[in-house]
Amino acid sequence: MVDYTEMWEKLNLDLPAHEHLLNVLGKFYGDIYLSQQKRLKGMEYLDFVISEIHGLRIKELIEAQKAGRKVFGTFCVFVPEELIWAADGICVGLCAGAEIGKGEAEKVLPRTICPLIKSFMGFKLARLCPFTEACDLVIGETTCDGKKKAFEIFSEFKPTYVMEIPQMKRDTDYQLWRDEVWRLKEKIEETTGNKITAEKLGQAIKMINDRRRALQRLNKLRRAIPTPISGRDALLINQISFYDDPVRFTEKVNALCDELEEKVKRKEGVVPKGTTRLLLSGCPMAVPNWKLPYVVESSGAVIVDEESCIGERNTRDLIDENGATLEEMIDNIVSRCMKIDCACFTPNTERIEHIITLAKEYEVEGVIHYTLQFCDPYLVEAYKVEKALEKTGIPILRIETDYSMEDIEQLKTRVEAFVEMVK
Ligand code: BJ8
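**Points about the packing of aromatic side chains**
Argument step 1. Inspection of every chain in the model, using the stated rule, returns 14 aromatic pairs.
Argument step 2. Between the aromatic rings of Tyr-29 and Tyr-33, the centroid separation amounts to 4.8 Å while the plane-to-plane angle is 20 degrees, which identifies the pairing as stacked. Here Tyr-29 pairs with Tyr-33, and both are found in helix 2 (residues 15-34), just four residues apart, close to one helical turn.
Argument step 3. For Tyr-29, a relative accessible area of 5% corresponds to the buried category.

Laid out in structure tokens, this is it:
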């Protein structure tokens, strides 16, 4: 085991609290992940990445910084990371899925705010996240009110740049977003000292599209019956896509898909034939938020897809690679972003159509609509999702929860009853 204490100390982490976090995370991972049967060989790489999540990857980031590169942290799939890579920067997703820094976060935020926001603030204030500490610049956005206002506070502790996200999809909103993307380009160039050229941007678009293509391939393979990979493992792969080096990650996921393809040919499932197939839909599940997938998959069901930003919503659409000039490429980036059907948009009928399409394509027996507590956009939209699914005859269970373990038994009872009902 490599000792990273000196590196963490230099990043100003709270060492005892950080050690406690790693111990809890290790135990949690062992119980939820390593206890699974019939896992793919390719998952060993993902296990390794998780075991080194605050070690090797951080070391790589720091070494890159020593070589003159800049590290950018983002919180939303709306932020076009291609611009960061095109300027020779490094992009890492910072969304946090644990409540460990909650006490610190509640000193500056209301108690009744979404756990994801509380978590990223808590990670910063409690000095627990080496990714946040390693960032040269954090790029926030104005998707929901909670995030928008939280970045005002967050910026007191970390250099932060905020992008304005449109709330509708009219021509004027496209124009607003195009201007924001150009503004971001300038900010990235200023931070890195590197000019973004058409050649570099074209390469970055291709690199991130390749990662999306690998994840699309994984998702397509999950349509097989019996399902060849657990929802937990598939979620983990999607979560790691936000942290890992994109080229390495794509290569590993494609190798894992080769293995999956063989498994599908042999009609080998990760769960017995007839296990209830469910679609998860709603808020993103950031690392290490594995609570609901664990509950579902220990209640006689398997998750076969995620309609979420850590899932289909992030990987479904590619950027058109045919742009020749910088202007065309940025227009193509804008067009792809504007297809994202986040509940922060109004109206947002595409999302409901997508949920129904996915439910049919993946032959699910039901949908679990998952919202984080106090997330108004997804909580309010749940009404429309429920109505549309009922009309189509697809059973739905609405779950609203946070990152604590307090409601786990209650969730289990509800999920078990739902699984029994849809059988
Ligand atoms: S594009 S889903 S990643 S905003 S859960 S903080 S919405 S109160 S995370 Fe998201 Fe971008 Fe949309 Fe996707 Fe607010 Fe809701 Fe919390 Fe949320």
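Still more to cover.
**With respect to the site of the ligand**
Argument step 1. Lining the immediate environment of the ligand, one finds 15 residues, of which Cys-76, Cys-144, Cys-309, Cys-342 and Cys-375 sit closest.
Argument step 2. If you count residues domain by domain, the shell around the ligand takes at least three from each of domain 1 (5-193) and domain 2 (202-318 + 326-331 + 341-422).

**Digging into the side chain of Arg-277**
Argument step 1. Mapping Arg-277 onto the fold places it in strand 5 (residues 276-282).
Argument step 2. There is no salt bridge for the buried Arg-277, and the closest opposite charge comes from Glu-365, which lies 5.4 Å off by N-O distance.
Argument step 3. Within the local environment of Arg-277, its side chain forms a polar contact with the backbone oxygen of Tyr-362, the two atoms lying 3.0 Å apart.
Argument step 4. Residues contacting Arg-277, with those up to four places away along its chain left out, are Arg-222, Arg-223, Ala-224, Ile-225, Thr-227, Val-302, Val-304, Tyr-362, Glu-363, Val-364, Glu-365 and Gly-366.

**Let's talk about the sheet that holds strand 4 (residues 160-163)**
Argument step 1. Taken in spatial order, the four strands make up an open sheet running 2-1-3-4, and their pairing is parallel. Edge strands, defined here as strands with exactly one partner in the open sheet, are strand 2 (90-93) and strand 4. Between one strand axis and the next, the sheet turns through 25 degrees on average, direction left out of account.
Argument step 2. Where strand 1 (residues 71-74) meets strand 3 (residues 137-141), three bridges bridge the pair, whose relative direction is parallel. Following the sheet pairing, Phe-72 is matched in strand 3 by Leu-137.
Argument step 3. Strands in contact with helix 9 (residues 145-154) are strand 3 and strand 4; relative to strand 3, the strand with the most contacts, it is inclined by about 155 degrees.
Argument step 4. Strand contacts of helix 10 (residues 171-192): strand 1, strand 3 and strand 4, with the helix running at about 160 degrees to strand 4, the strand carrying the most contacts.

**A look at the domain arrangement of the protein**
Argument step 1. By domain assignment, the protein separates into domain 1 (5-193) and domain 2 (202-318 + 326-331 + 341-422).
Argument step 2. A separation of 21 Å is found between the C-alpha centroids of domain 1 and domain 2.
Argument step 3. The partner domain 2 presents 53 residues to the 55 residues of domain 1 that form the contact.
Argument step 4. Interface area, domain 1 with domain 2, both sides summed: about 4,900 Å², of which 70% is carbon and sulfur.
Argument step 5. If you sort the residues of domain 1 by the area they bury against domain 2, Tyr-33, Leu-40 and Tyr-45 come out on top, with a joint share of 13%.
Argument step 6. Where domain 1 packs against domain 2, one counts six salt bridges.
Argument step 7. Inspection of the domain 1/domain 2 interface yields 21 residue pairs in polar contact (both at pLDDT 80 or more).
Argument step 8. Elements represented by at least two residues in the side of domain 1 that touches domain 2 include exactly helix 2, helix 3 (43-51), helix 4 (56-66), helix 5 (81-86), strand 2, helix 7 (115-125) and helix 10.
Argument step 9. Counting residues per element, the side of domain 1 that touches domain 2 draws most heavily on helix 2, which supplies six residues.
Argument step 10. Each residue belonging to the side of domain 1 that touches domain 2 can be placed in one class, and the counts come to 33 nonpolar, nine polar and 13 charged.

**Side note on the side chain of Glu-133**
Argument step 1. Take Glu-133: it is sitting in helix 8 (residues 130-134).
Argument step 2. Its relative accessible area of 14% is what places Glu-133 among the buried residues.
Argument step 3. Ignoring sequence-local partners within four residues, the contact set of Glu-133 consists of Leu-11, Leu-13, Lys-124, Arg-127 and Lys-158.

**Regarding the packing of helix 11 (residues 198-221) against helix 13 (residues 246-265)**
Argument step 1. The N-to-C vectors of helix 11 and helix 13 enclose an angle of 20 degrees; their axes lie 9 Å apart at closest approach. One element, helix 11, and the other, helix 13, form an angle in the roughly parallel class. Between helix 11 and helix 13 the crossing geometry is left-handed. For the pair helix 11 and helix 13, the contacting residues are Met-207, Ile-208, Asp-210, Arg-211, Ala-214, Leu-215, Arg-217, Leu-218 and Leu-221 in the first and Pro-246, Val-247, Phe-249, Thr-250, Val-253, Asn-254, Leu-256, Cys-257, Asp-258, Leu-260, Glu-261 and Val-264 in the second.
Argument step 2. Within the contact of helix 11 with helix 13, the residues separate by chemical class into 14 nonpolar, two polar and five charged.

**Section: the pattern of salt bridges**
Argument step 1. Applying the stated criterion across every chain, the model contains 47 salt bridges.
Argument step 2. Glu-6 serves as the salt-bridge partner of Lys-10, at 3.4 Å between the closest nitrogen and oxygen. Of this pair, Lys-10 and Glu-6 are both found in helix 1 (residues 5-10), four residues apart, which corresponds to roughly one turn of the helix.
Argument step 3. Of the charged contacts in the structure, one is a salt bridge between Asp-402 and Lys-291, with a shortest N-O distance of 3.8 Å. In this pair, Asp-402 sits in the loop between strand 8 (396-401) and helix 19 (408-422) while Lys-291 sits in helix 14 (residues 291-297), placing the two residues 111 residues apart along the sequence.
Argument step 4. Judged by relative accessible area, which is 3%, Lys-291 ranks as buried.
Argument step 5. Bridged by salt links that share partners, the residues Glu-307, Arg-313, Arg-316, Asp-317, Asp-341, Arg-351 and Glu-381 form one connected network.

**Brief notes about the packing of helix 3 against helix 12 (residues 231-240)**
Argument step 1. Contact geometry of helix 3 with helix 12 gives a least axis separation of 11 Å together with a crossing angle of 55 degrees. Between helix 3 and helix 12, the crossing angle belongs to the class labelled oblique. For the pair helix 3 and helix 12, the sense of crossing is left-handed. Counted together, Met-43, Leu-46, Val-49 and Ile-50 of helix 3 and Asp-233, Leu-236, Ile-237 and Ile-240 of helix 12 form the full contact between these two elements.

**Overview of the sheet that holds strand 6 (residues 301-307)**
Argument step 1. Strand order in the open sheet formed by four strands is 6-5-7-8, with parallel pairing between adjacent strands. In this open sheet, the two strands that pair with only one neighbour each are strand 6 and strand 8. Each strand of the sheet is rotated relative to its neighbour by a mean of 30 degrees, with strand direction disregarded.
Argument step 2. Pairing between strand 5 and strand 7 (residues 366-372): five bridges, direction parallel. Counterpart to Leu-280 in the pairing with strand 7 is Ile-368.
Argument step 3. Each of strand 5, strand 6 and strand 7 touches helix 17 (residues 349-361); the most contacted strand, strand 5, lies at about 165 degrees to it.
Argument step 4. Each of strand 5, strand 6, strand 7 and strand 8 is contacted by helix 19, which is oriented at about 170 degrees to strand 8, the strand it contacts most.

Conventions we followed
Residues numbered from 1 in each chain as written. Predicted model: local features only at pLDDT ≥ 70, side-chain atom pairs only at ≥ 80, totals over all residues. Heavy atoms only, no water. Phe/Tyr/Trp six-rings, centres within 6.5 Å; stacked < 30°, edge-to-face > 60°. Helix = DSSP H or I, 4+ residues; strand = E, 2+ residues; numbered from the N terminus. Buried < 20%, exposed > 50% of the residue type's maximum accessible area, 1.4 Å probe, protein only. Near = heavy atom within 4 Å. Domains from an automatic or database assignment. Lys, Arg positive; Asp, Glu negative; His and termini not counted. Salt bridge = Lys/Arg side-chain N within 4 Å of Asp/Glu carboxyl O. Polar contact = N/O pair within 3.5 Å; in protein donor to acceptor, adjacent residues only side chain to side chain. Contact = heavy atoms within 4.5 Å. Pairing = 2+ DSSP bridges. Axes fitted to C-alpha atoms, helices over the stretch in contact; angles between N-to-C directions. Buried area = accessible area lost by both parts, 1.4 Å probe. Nonpolar A, V, L, I, M, F, W, Y, C, P; charged D, E, K, R; others polar. Parallel < 35°, antiparallel > 145°, perpendicular 65-115°, else oblique. Left-handed = near helix turned anticlockwise from the far one by under 90°.

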